[in-house]
Amino acid sequence: MISVTVLFNLLQALGGILGLLESATDSQVKLKIMPLGDSITAITCWRTLLWDTLRDANLTDYIQFVGSSTSNAGACIGTGPGTWDHHHEGHGGYTAVDIADNNQVGWLGAARPDVVMFMLGTNDVTHGHSTAAIIDAYTRMVGLMRDSKPGVNIIVDLVIPLAVGNAGVVELNAAILPWAKALNSTDSPIYVADTNTGFTDADEVDGVHPNANGDRKIAGCLYPILRQIIDQSCEAGDAVGCLAGGLEGVEDVTE
Ligand SMILES: *[C@@H]1O[C@H](CO)[C@@H](O)[C@H](O)[C@H]1NC(C)=O
Ligand SMILES: *[C@@H]1O[C@H](CO)[C@@H](O)[C@H](O)[C@H]1NC(C)=O
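The text that follows walks through the structure, step by step, so that each part is easy to find. All figures in this text were calculated on a predicted structure; none of them were measured in a lab.

Let's talk about the packing of helix α4 (residues 96-111) against helix α6 (residues 131-148)
Consideration 1: Where α4 contacts α6, the two axes come as close as 9 Å, and the packing angle between them is 10 degrees. Compared by their axis directions, α4 and α6 come out roughly parallel. When α4 is examined against α6, the residues Ala96, Val97, Ile99, Ala100, Gln104, Val105, Leu108 and Gly109 are found in contact with a partner set consisting of Ala133, Ile134, Ala137, Tyr138, Arg140, Met141, Leu144, Met145 and Ser148.
Consideration 2: Tallied by class, the residues present in the contact of α4 with α6 amount to 13 nonpolar, 3 polar and 1 charged.

What follows is the structure, encoded as structure tokens:
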């Protein structure tokens, strides 16, 4: 008969082995990338185009998009074999202020992203939130992202133009780069994606949301930044398998 003590020791040993297995699995997880935003993230097709570009570069084995939603309101169709990863955290009508106050903790806790890329502020501007209030929300969001994962990489998009009431967008965009530089850190870099320069009303469907042209511009702007992050994560061993997958020594496309 097995004694209680022996059984206890066995269970403890088993727990240790499971713990080891778990940490081995942890080190092999894919790089988790969260597209975060409002309807410009939720109902458009730039995520699909971005995924297609990453797949064409043979990177999609090592990454995943994360977020609580898999909606595809834009009925976006990828161009290549296999499907694109529908996960995202885009929420139509949401403001940066609301997300910082109410949603960020839960969303981050559920997905634990390594990379967060967000465009937010359009709804804040239309609700009359000041640039200072929006930037303050960004700061709280970045703090919560770093609480969730100290080494998180953050990509902040400049906001695309509004056909009506664009002054608030212009003012916010002017504040984003100095804000990002001030909060930047080696451990948790913040990159600003200039998704505004050269983006006109002709790239939008309704004066707010990108059309196919606008989707291409946003995806094209995000790709080199994301590529750099993926390459660095690959070299650091955070996205295991990519070195064996042939990514070792790839050119840094941002250079
Ligand atoms: C991706 O992988 C395929 C199959 O291994 C290869 O033919 C192709 O050249 C690779 N593309 C790039 C951009 O590395
Ligand atoms: C933040 O630092 C990284 C290097 O760690 C750099 O590549 C990036 O451009 C910096 N971001 C800003 C907004 O200057």
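Some thoughts on α4
Consideration 1: For α4, spanning 16 residues, the distance from its first C-alpha to its last is only 19 Å, which falls clearly below the expected 22 Å at 1.5 Å a residue.
Consideration 2: At asparagine 103, α4 is deflected by roughly 65 degrees, the largest bend along its length.
Consideration 3: Along α4, the residues that are buried comprise Ala96, Val97, Ile99, Ala100, Gln104, Trp107, Leu108 and Ala111.
Consideration 4: Tucked inside the fold, the buried residues of α4 contact β1 (31-37), β3 (89-90), α5 (122-126) and α6.

Examining the site of ligand 2
Consideration 1: Inspection of the region around ligand 2 gives Ala180, Lys181, Asn184, Thr186, Pro189, Ile190, Tyr191 and Val192 as its neighbouring residues.
Consideration 2: Elements with a minimum of two residues in the shell around ligand 2: α7 (167-183) and β6 (190-193).
Consideration 3: Looking at the shell around ligand 2 element by element, the count peaks at 3 residues for β6.
Consideration 4: Considered class by class, the residues forming the shell around ligand 2 number 5 nonpolar, 2 polar and 1 charged.

Analysis parameters
- Residues numbered from 1 in each chain as written.
- Chains lettered and ligands numbered in written order.
- Predicted model: local features only at pLDDT ≥ 70, side-chain atom pairs only at ≥ 80, totals over all residues.
- Axes fitted to C-alpha atoms, helices over the stretch in contact; angles between N-to-C directions.
- Helix = DSSP H or I, 4+ residues; strand = E, 2+ residues; numbered from the N terminus.
- Parallel < 35°, antiparallel > 145°, perpendicular 65-115°, else oblique.
- Contact = placed C-beta atoms within 7 Å.
- Nonpolar A, V, L, I, M, F, W, Y, C, P; charged D, E, K, R; others polar.
- Expected span 1.5 Å × (residues − 1).
- Bend = angle between axes of the 7 residues up to and from the residue.
- Buried ≥ 20, exposed ≤ 12 C-beta atoms within 10 Å, placed from the backbone.
- Near = placed C-beta within 6 Å.

Any link to function would need more than the numbers given here.
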